[in-house]
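Residues per chain are reported as follows:
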Amino acid sequence: MTDSGHAFPAEEIIARVVRPEIRGLSAYVVAKADGGGNAGQPWTKIDAMENPYPLPEAVQARMSAALSRVAINSYPDGSGEGVKRSLRSALGIPQGAGILLGNGSDELIQLIVSALAKPGAVVLAPEPSFVMYRMDALYAATRFVGVPLSPDFSLDRDAMLAAIERESPAVVFIAYPNNPTGNLFSERDIEAVVAASPGLVVIDEAYSAFADASFLDRVLEFPNLLLLRTLSKVGMAGVRLGYAVANPAWVTQLNKLRQPYNVNAFTQAAVEALLSDTRWIAEQAAAIRAERARVESALAGLPDVRVHATQTNFVLARVNDATRIFDGLKARRILIKNLHGWHPLLENFLRITVGTPAENDRLIAALTELAPSP
Ligand SMILES: Cc1ncc(COP(=O)(O)O)c(C=O)c1O
């Protein structure tokens, strides 16, 4: 007996009813830039693919005015029509394509997997790739099949096609460009995957603002293609808005699983104000691309650092001892992502988000001290 009179303690009830694969998980930990290193000095947090620039003053003022008018006593517009209009006019969404809004594209990935998670269904993706494809399959009690990338991080086309033939996946996820490897897969390989897939193919273009290619214009060409985008990497990670673009028939089905008010009124008002002029987004993305090139070339000049060019807002580098470099940066209050241990292809890889010029200077100076193996 517990104090409440209930026959069993919480742990015992949990052990009985919570699925073992969920009990076996640890919660997603977001790294915090605090503790350790030289106390007093500010942290350089370049681990989460955030845009490092604040909003320009005029955009900030526009957003503040819009937020002050939000009527929080009412539910938001459940279908987010104003946001969809803004996205269509600001971001070149093809005429005739349907749009589905999500609380970040994370929510849309989960919603897609749960819509397709029939008993026996398979979720397939190349690996290493965005970890949520695997996690959302697990949450939906659906089998995940990972197909290793080639050692040069290109799609292993033969292995992908063989796996699609063998597994008949309900959905294939392809991040384009890929996270964490940063590269764009070949368009021909993706076309082959889409043609061979009996189910849905999701092309996740979270990093499209920093890439030279996209499938957005082609989304209606294929009956089984859904494109995912997000505002997170272009300066608006805090508003939490992701969107799917696809043949409207897909949107109709997926919309049935969406929580009625998944995009809150503040987000909707903010996004409409933020997108009423998109020059600031293009300018910041261009600045990030320019800094990416500068960081890549500075790192490529260091001993024992091999840079893998990316089409994203992060830099990918292989070093001799990723954990030593990661710890050395942390002691200098610089937080990046150590990919070592994530996947055999990522041995001694580091992922470094492109920061402001000053942050990047700090990173380059610290790596210059740390790079040569002791
Ligand atoms: C490939 C990819 N897709 C989706 C997301 C999730 O983005 P959001 O902030 O829209 O949930 C990320 C975030 O890192 C990502 O790397």
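Residues numbered from 1 in each chain as written. Predicted model: local features only at pLDDT ≥ 70, side-chain atom pairs only at ≥ 80, totals over all residues. Heavy atoms only, no water.

**So, empty space enclosed by the protein**
Following the criterion strictly, the structure yields 1 cavity of 30 Å³ or more and no others. When its volume is computed, the largest cavity comes out at roughly 60 Å³. In terms of lining, the largest cavity is formed by 13 residues, of which the most central are Gly78, Ser79, Lys84, Leu101 and Arg258. In terms of residue count, strand S2 (residues 98-102) provides more of the lining of the largest cavity than any other element does, 3 residues in total. Partitioned by chemical class, the residues of the lining of the largest cavity number 4 nonpolar, 6 polar and 3 charged. (1 Å grid on protein atoms, 1.4 Å probe; cavity = no way out; pocket = protein on both sides within 12 Å on 5 of 7 lines; lining within 4 Å. Points joined across faces, edges and corners; volume = space filled by probe spheres on them. Helix = DSSP H or I, 4+ residues; strand = E, 2+ residues; numbered from the N terminus. Nonpolar A, V, L, I, M, F, W, Y, C, P; charged D, E, K, R; others polar.)

**Examining the pattern of salt bridges**
Scanning the entire structure with this criterion turns up 19 salt bridges. Between glutamate 187 and arginine 218 there is a salt bridge whose closest N-O contact spans 2.8 Å. Of this pair, glutamate 187 sits in helix H8 (residues 187-196) while arginine 218 sits in the loop between strand S6 (200-204) and strand S7 (225-230), placing them 31 residues apart in sequence. Taking the relative accessible area as the measure of exposure, glutamate 187 reaches 33% and is therefore partly exposed. Connected through salt bridges with shared partners, the residues Glu187, Arg188, Glu191, Arg218 and Glu221 form a single ionic network. (Salt bridge = Lys/Arg side-chain N within 4 Å of Asp/Glu carboxyl O. Buried < 20%, exposed > 50% of the residue type's maximum accessible area, 1.4 Å probe, protein only.)

**A word on the layout of surface pockets**
Each pocket or cavity is described by its volume, and for the second largest pocket that value is around 290 Å³. Lining the second largest pocket are 18 residues, with Leu91, Ala209, Arg229, Val234 and Ile281 sitting closest to its centre. Looking at the lining of the second largest pocket, the elements with two or more residues in it are S7 and helix H11 (279-300). When the residues that make up the lining of the second largest pocket are grouped by side-chain class, the tally is 12 nonpolar, 3 polar and 3 charged. In this structure, the lining of the second largest pocket is formed jointly by two domains, domain 1 (31-46 + 280-370) and domain 2 (73-274), each of which donates at least three residues. (Domains from an automatic or database assignment.)

**Some remarks on the side chain of threonine 353**
Of note, threonine 353 is situated in strand S13 (residues 349-353). Contact partners of threonine 353, with chain neighbours within four places excluded, come to Ile46, Asp47, Ala48, Met49, Glu50, Asn313 and Phe314. (Contact = heavy atoms within 4.5 Å.)

**Observations regarding the sheet that holds strand S4 (residues 143-148)**
Reading across from one edge, S2-S8-S7-S6-S5-S3-S4 is the order of the 7 strands in this open sheet, with mixed pairing throughout. One side of each edge strand has no neighbouring strand; the edge strands of this open sheet are S2 and S4. With strand direction ignored, the average angle separating the axes of adjacent strands in the sheet is 20°. (Pairing = 2+ DSSP bridges. Axes fitted to C-alpha atoms, helices over the stretch in contact; angles between N-to-C directions.)

**A word on the environment of leucine 55**
Structurally, leucine 55 can be placed in the loop between strand S1 (44-45) and helix H3 (57-68). Here leucine 55 is in contact with Gln60, Met63, Leu274 and Trp280, once residues within four sequence places are set aside.

**A short note on the domain arrangement of the chain**
Split into domains, the chain comes out as domain 1 (31-46 + 280-370) and domain 2 (73-274). The C-alpha-based centres of domain 1 and domain 2 are spaced at 27 Å. The interface is formed by 20 residues belonging to domain 1 together with 22 residues belonging to domain 2. Across the interface of domain 1 and domain 2, roughly 1900 Å² is buried in total on both sides, 65% from carbon and sulfur atoms. Between the two partners, domain 1 and domain 2, sit 1 salt bridge. (Buried area = accessible area lost by both parts, 1.4 Å probe.)

**Notes on the site of the ligand**
As a structural note, the neighbourhood of the ligand is formed by 14 residues, with Ser105, Asp204, Thr230, Ser232 and Arg240 the closest of them. Measuring from an oxygen atom of the ligand, one finds a side-chain N or O atom of threonine 230 at 2.6 Å. One of the side-chain N or O atoms of lysine 233 is found 2.9 Å from an oxygen atom in the ligand. A total of 400 Å² of accessible area belongs to the ligand in isolation, and the protein chains cover 93% of it. Here the residues of the shell around the ligand sort into 5 nonpolar, 5 polar and 4 charged. (Near = heavy atom within 4 Å. Polar contact = N/O pair within 3.5 Å; in protein donor to acceptor, adjacent residues only side chain to side chain. Areas by Shrake-Rupley, 256 points an atom, 1.4 Å probe, with all protein chains shown as cover.)

**What to know about the sheet that holds S13**
Overall, antiparallel pairing links the 4 strands, which are arranged S9-S10-S13-S12 in an open sheet. Where the open sheet ends on each side, the last strands, each with one partner, are strand S9 (305-308) and strand S12 (337-338).

**What about the pairing of strand S8 (residues 242-246)?**
With 5 of its 5 residues buried, S8 lies for the most part within the structure. Side chains of S8 alternate between two faces, with Gly242, Ala244 and Ala246 and Tyr243 and Val245 buried alike. In this sheet, S8 lies alongside S2 in antiparallel orientation, the contact comprising 5 bridges. Across the sheet, residue isoleucine 99 finds its bridge partner in S8, namely valine 245. With 5 bridges connecting them, S7 and S8 associate as antiparallel partners. Among the inter-strand pairings, leucine 228 is bridged to a residue of S8, identified as alanine 244.

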